[in-house]
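Now for the letters of each chain:
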Amino acid sequence: MSNPPQPLVVATDGPIRTWTINLPAVGNAITGRDVISGFERAVDDANADTEVRAVILTGEGKIFSAGGNVKEMADQSGMFGLSALDQRYAYIDGIQRIPRALSRLEVPLIAAVNGAAIGAGCDLAMMCDIRIASERASFAESFVQLGLIPGDGGTWFLQRIVGYERAAEMTLTGDRVDAATALEWGLVSKVVPHDELLTAARELAERIAKNPSHALRMAKRLLQESRTGSLESTLGMAAAMQPLAHRDPEHEQRIAKWRTS
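These figures come from a predicted structure and were not determined experimentally.

Cut-offs used in this document
Residues numbered from 1 in each chain as written. Predicted model: local features only at pLDDT ≥ 70, side-chain atom pairs only at ≥ 80, totals over all residues. Heavy atoms only, no water. Buried < 20%, exposed > 50% of the residue type's maximum accessible area, 1.4 Å probe, protein only. Helix = DSSP H or I, 4+ residues; strand = E, 2+ residues; numbered from the N terminus. Pairing = 2+ DSSP bridges. Polar contact = N/O pair within 3.5 Å; in protein donor to acceptor, adjacent residues only side chain to side chain. Contact = heavy atoms within 4.5 Å. Disulfide = S-S within 2.5 Å. Core = buried A, V, L, I, M, F, W, Y, C linked by side-chain atoms within 4.5 Å.

A. Layout of the pairing of strand β7 (residues 130-134). Counted residue by residue, β7 has 4 buried out of 5 residues, so it is predominantly covered. Bridge analysis of strand β5 (residues 109-113) against β7 gives 4 bridges, and the strand direction is parallel. The partner of Ala112 across the bridge, within β7, is Ile132. Where β7 meets strand β10 (residues 190-192), 3 bridges bridge the pair, whose relative direction is parallel. Across the sheet, Ala133 pairs through a bridge with Val191, a residue of β10.

B. Fine view of the side chain of Arg97. Position of Arg97 relative to the elements: it lies in helix α4 (residues 97-104). Separated by 3.0 Å, the side chain of Arg97 and the backbone oxygen of Asp93 make a polar contact. When residues no more than four places from it in sequence are discounted, the contact partners of Arg97 are Arg33, Ile36, Ser37, Glu40 and Ile92.

C. Geometry of the state of the cysteines. A full pass over the atoms with the stated rule returns 0 disulfides. As a non-bridged cysteine, Cys122 has Cys128 as the owner of its nearest cysteine sulfur, 11 Å distant. Given a relative accessible area of 5%, Cys128 falls into the buried group.

D. Molecular detail of the nonpolar core. Membership of the largest hydrophobic core comes to 46 residues, with the highest contact counts inside it found for Trp19, Phe39, Leu124 and Phe139. Looking at which element gives the most residues to this core, the answer is helix α1 (residues 33-48), with 6 residues. With 15 residues, the next largest nonpolar core counts Ala112, Ile132, Leu197 and Ala205 among its residues.

Have a look at this one:
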């Protein structure tokens, strides 16, 4: 009997890792426990390896991620067959583990959105630091169209990227946003021809990966904390981090190179 496919395939090429959601038969749904655990392991592995300086996240096939497994919802199987109280804990110990895991990722995370990013799949893209979209990509915060709400933190992520009004429009209509509109709204930083998506994501990852590992990780943490912290707390964190950066051998090497250039 052949082994089942890995739900999250991890590939390493120098300082860049690529994570590919590998469940095309179910639209790269991310609610299964195997894929959730896969994200947690991938985050922990990347954090532990200081040679890793950037990660690209994409989906196998034509869809980035359809989010939840709607068939399981319709069949009321898995967590969807539980009582309301038990479902609450199933969300906490299920899909909500993904935003918690990605919030721990120390290196920059680039979403290469190769197709539809729907519901929790849209939210997954929003959890990344940077998003590049194929011209075939689309985004939908579609929960309300199924009589649901974003259960994975989507309301927190989306409005920090596109602002409250755009987030409200997407969340309260559930309508799809095409790649061109996503670019106009600031949902993505770039739209490229479909066949050039991974190349464009790789080029961006390489530009990031040229920089010292510890500086990248501290700069990302400072950016994350600055989303919700005060100016004073941000300044305090920067003051604590910067002396560590000054003593990093990579910083000293860069300074020495600058002096002789």
